[in-house]
Structure formats: C-alpha cells, structure tokens
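Examination of the molecular architecture
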Amino acid sequence: MNIKLWLYTWQLLILIFFVSVSTSGYATLKKITITTQPANQTAQNGSASFTVGASVTQGGSLSYQWQEKSGTQPWSNISGKTTATLQLNNVPASFNGRKYRVEVSAPGATKVFSNDATLTVPVPTITITTQPANQTAQNGSASFTVGASVTQGGRLSYRDWE
C-alpha cells in the first residue's frame, strides 16, 4: 500500500468515527445560552445590582463568575460573586464607568460571557436649604445656623467656623 492510500484510508476512518459519534449523541456538547443580558445600572443610595439569565441544553447546573473592568485594565474576577445577580453595596464615586460582565459555565459545555454593562455612580449634590442669618454678637459671641441636604445618599458633615 502506498503512503497516499494509507493516509487517505486513515482520514476516512477518522471521519467515519466522528460522524458516527456526533450523530449518536455521545459526543454532543451542551450549549449555554444567555437569555437576559445584564443592563447598565445607576447606583441608588450607594447600591446597584446586575442580573443575567441563562439556560443550558440537556439540563444541568450553571455556574457564574462576575468580572469587572476599569478603564483600560483587563477583565478580572470579583471574588465571591458567583450567582446570577451581582449586588454592589457602598459603591464609591470612583466606580463610575466601571464595566461588569459574567462568565457562565456548566459541565460538558463551552463557557460563555455576557455582554458588558456599565455602572454609573451619580455625584452627590449639596443644597443649602437654610442660609445663616445676620447676628449681633452678645458678650463677644454669636450663633449661626445653616440647613443643608444632599442627594444620592451622600453624607453631610459640618465644620465650625470662626
């Protein structure tokens, strides 16, 4: 048998094997589908959450690993965030613009990534609600009062002035 005929025979046998395995169902991979992509979120009172929906063919359990990306940095896993919902609390203003996505995997399936979603963190706005009034000093001292409010769950702090 010449070498070309021998190679052709082996290629044909391998092709027959893979066709028979794939049509018999023994080597079929499960397929993960993202059914609901995470949506962009705006932090409210310092909190935000992202949710993904996913399914896998032929049943089985899904595993999740959330990732984040800041600026030009590479994607990195968020430790302990392994459910379909990513809950973020006490979100600082420095997280504004960060992107989030989730890796979904299942035994016997190729892992997939969701689309990324962006977090917006509004900057708190301070409003003076009551202006201090003019006072006349009594025995060398005077007292002033001011009222203020802050949006987006910010905290106010007051400083005495002289």
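Just so it is clear, the structure is predicted and the values come from calculations on it, not from any experiment.

1. Focus: the overall build of the chain
On a plain count of helices and strands, the chain comes out with one helix and 12 strands. Helices and strands appear in the chain in the N-to-C order α-β-β-β-β-β-β-β-β-β-β-β-β. Out of the 162 residues in the chain, the part that is buried amounts to 21%. Here the chain displays about 11600 Å² of accessible surface, and carbon together with sulfur accounts for 53% of that area.

2. Re a nonpolar patch on the surface
Together, Ile-126, Ile-128, Leu-156 and Tyr-158 make up an exposed nonpolar region whose accessible area comes to about 390 Å². Residue placement: Ile-126 occurs in strand E11 (residues 126-130).

3. With respect to the pairing of strand E10 (residues 117-120)
Burial of the side chains of E10 is restricted to one face: Ala-117 and Leu-119 are buried, whereas none of Thr-118 and Thr-120 on the reverse face is. Where strand E2 (residues 41-42) and E10 come together, two bridges link them in parallel fashion. Considered in E10, the bridge of Gln-41 is made with Leu-119. As paired strands, strand E8 (residues 99-105) and E10 are joined by two bridges and run antiparallel to one another. What sits directly across from Lys-99, in E10, is Thr-118.

4. A short note on the pattern of salt bridges
Under the criterion given, the structure shown has three salt bridges. Among the ionic pairs, Arg-98 bridges to Glu-68, the shortest N-O distance being 3.1 Å. Taken together, the residues Arg-98 in the loop between strand E7 (85-88) and E8 and Glu-68 in strand E5 (residues 63-69) connect sequence positions 30 residues apart. We note that Arg-98, like Glu-68, is buried. Measuring nitrogen to oxygen at the nearest pair gives 4.0 Å for the salt bridge that ties Asp-116 to Lys-99. Of this pair, Asp-116 sits in the loop between strand E9 (112-113) and E10 while Lys-99 is found in strand E8, placing the two residues 17 residues apart along the sequence.

5. Side note on the nonpolar core
With 22 residues, the main nonpolar core has Phe-50, Trp-66, Leu-86, Leu-88, Tyr-100, Val-104 and Leu-119 as its most contacted residues. Every element with two or more residues in this core is listed here: strand E1 (32-36), strand E3 (48-51), strand E4 (53-56), E5, E7, E8 and E10. With three residues, the single largest contributor to this core is E8.

6. Some points on unusual backbone geometry
Backbone geometry at Asn-45 places phi at a positive 50°, although glycine is not the residue there. Looking at the secondary structure, you find Asn-45 in the loop between E2 and E3. Relative accessible area serves as the criterion here: at 62%, Asn-45 is assigned to the exposed category. Non-glycine residue Asn-139 carries a positive phi angle of around 55°. Within the secondary structure, Asn-139 sits in the loop between E11 and strand E12 (147-150).

7. Let's talk about the environment of Ser-61
Looking at where Ser-61 falls in the secondary structure, it is placed in the loop between E4 and E5. Separated by 45 residues in the primary sequence, Ser-61 and Ala-106 have C-alpha atoms spaced 6.0 Å apart. Every residue in contact with Ser-61, bar those within four places of it in the chain, is listed here: Ser-105, Ala-106 and Pro-107.

8. A short note on the side chain of Gln-65
Relative to the helices and strands, Gln-65 is located in strand E5. For Gln-65, a relative accessible area of 18% corresponds to the buried category. When neighbours within four sequence positions are excluded, Gln-65 is seen to be in contact with Asn-77, Ile-78, Lys-81, Thr-82, Arg-101, Val-102 and Glu-103.

Conventions we followed
Residues numbered from 1 in each chain as written. Predicted model: local features only at pLDDT ≥ 70, side-chain atom pairs only at ≥ 80, totals over all residues. Heavy atoms only, no water. Helix = DSSP H or I, 4+ residues; strand = E, 2+ residues; numbered from the N terminus. Buried < 20%, exposed > 50% of the residue type's maximum accessible area, 1.4 Å probe, protein only. Areas by Shrake-Rupley, 256 points an atom, 1.4 Å probe, with all protein chains shown as cover. Patch = residues over 30% accessible without salt bridge, like charges linked within 9 Å, V, L, I, M, F, W, Y side chains within 5 Å. Salt bridge = Lys/Arg side-chain N within 4 Å of Asp/Glu carboxyl O. Pairing = 2+ DSSP bridges. Core = buried A, V, L, I, M, F, W, Y, C linked by side-chain atoms within 4.5 Å. Contact = heavy atoms within 4.5 Å.

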